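Listed here are the chains, written in short residue letters.
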Amino acid sequence: MARARAGGADLALDYTRPDWPRAAREHLEAGAGLRATVVYDSVGGTTARAAVDLLGPGGQHVVYGWSGEGLHDGGRSPSPTRSWPNAPSRPGPSSDRG
């Protein structure tokens, strides 16, 4: 967490603490009701679901590692096009990519 803060993160939380979603919401609400712009997820499963629920419009869910179950409960394989509540659809290809 110290490395995330040193890298400029506004907030870094330990997902093994059961109160991390509450702490994240409190931090975001203290900022005039803001939503998360990016969440980094190396676990999946219910942890991923709680993290995605914190995202605002245009927010990004960055997935890496997958040390736990998939995005869906029951260990089903994740779908790269899955839409989450509170999160926008994934943007299409950009014409300015070179």
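Residues take numbers from 1 onward in each chain, read along the sequence in its written order. Note on the predicted model: pLDDT of at least 70 is required for a residue's local features to be given, and 80 or more for side-chain atom pairs to be given and counted; whole-chain, interface and lining totals, by contrast, use all residues. Side-chain numbers come from the whole structure's heavy atoms, not from hydrogens or water.

> Talk me through the overall build of the protein; I want residue IDs and the actual numbers.
Helical segments are the DSSP runs of H or I of at least four residues, strand segments are the runs of E of at least two, and each set is numbered from the N terminus. Scanning the protein from terminus to terminus reveals three helices and two strands. Ordering the α and β elements of the protein from the N terminus gives α-α-β-α-β. Across the 98 residues of the protein, 23% fall into the buried class. Two residues form a contact once any of their heavy atoms are found within 4.5 Å. In the protein, the proportion of contacts linking residues at least 24 apart, taken out of those at least 6 apart, comes to 39%. Using a 1.4 Å probe, accessible areas were evaluated by the Shrake-Rupley method; residue-level cover was limited to the displayed protein chains. Split by element, the accessible area of the protein, about 6900 Å² in all, is 51% carbon and sulfur. Here's how the labels work: a residue is buried when its accessible area is under 20% of the maximum for its type, exposed when over 50%, partly exposed in between, all with a 1.4 Å probe on protein chains only.

> Summarise the pattern of salt bridges; cite the residues concerned and give the values.
Take a side-chain nitrogen of Lys or Arg and a carboxyl oxygen of Asp or Glu: if they are within 4 Å of each other, that pair is a salt bridge. Counting across every chain of the model gives three salt bridges. Note that R22 is salt-bridged to D19, the shortest N-O span being 3.0 Å. When its relative accessible area of 25% is taken as the criterion, D19 is described as partly exposed. One salt bridge in this structure joins E26 and R22, with 2.8 Å as the shortest N-O distance. Here E26 pairs with R22, and both are found in helix α2 (residues 20-30), just four residues apart, close to one helical turn. The network of salt bridges with shared partners includes R17, D19, R22 and E26.

> How would you sum up the layout of surface pockets? Please name residues and give values.
Cavities and pockets were defined on a 1 Å grid built over protein atoms only: a cavity is a set of grid points that admits a 1.4 Å probe from which the probe cannot escape, a pocket is an open set flanked by protein on both sides within 12 Å along at least five of seven lines, and lining residues are those with an atom within 4 Å of any such point. Grid points are joined across faces, edges and corners, and a volume is the space filled by probe spheres set on the points. Space inside the largest pocket adds up to approximately 980 Å³. Surrounding the largest pocket, 28 residues form its lining, L11, A12, V38, V39 and Y40 being those nearest its centre. Looking at the lining of the largest pocket, the elements with two or more residues in it are α2, β1 (36-41) and α3 (45-52). Residue contributions to the lining of the largest pocket peak at six residues, all from β1. Class assignment of the residues belonging to the lining of the largest pocket gives a composition of 19 nonpolar, five polar and four charged. Note that Gly is not counted as nonpolar here; it falls among the polar residues with everything else outside the nonpolar set of Ala, Val, Leu, Ile, Met, Phe, Trp, Tyr, Cys and Pro and the charged set of Asp, Glu, Lys and Arg.

> Could you give an account of α2, with specific residues and numbers?
Each α-helix winds once per 3.6 residues, and so residues spaced three or four apart point in a common direction. Buried within α2 we find W20, A24 and L28. The buried residues of α2 occupy an angular sector of 70 degrees when projected down its axis, which confines them to one face. The exposed residues of α2 that point more than 90 degrees off its buried face are E29 and A30. In this context, the arc is that of the directions from the helix axis out to the C-beta atoms.

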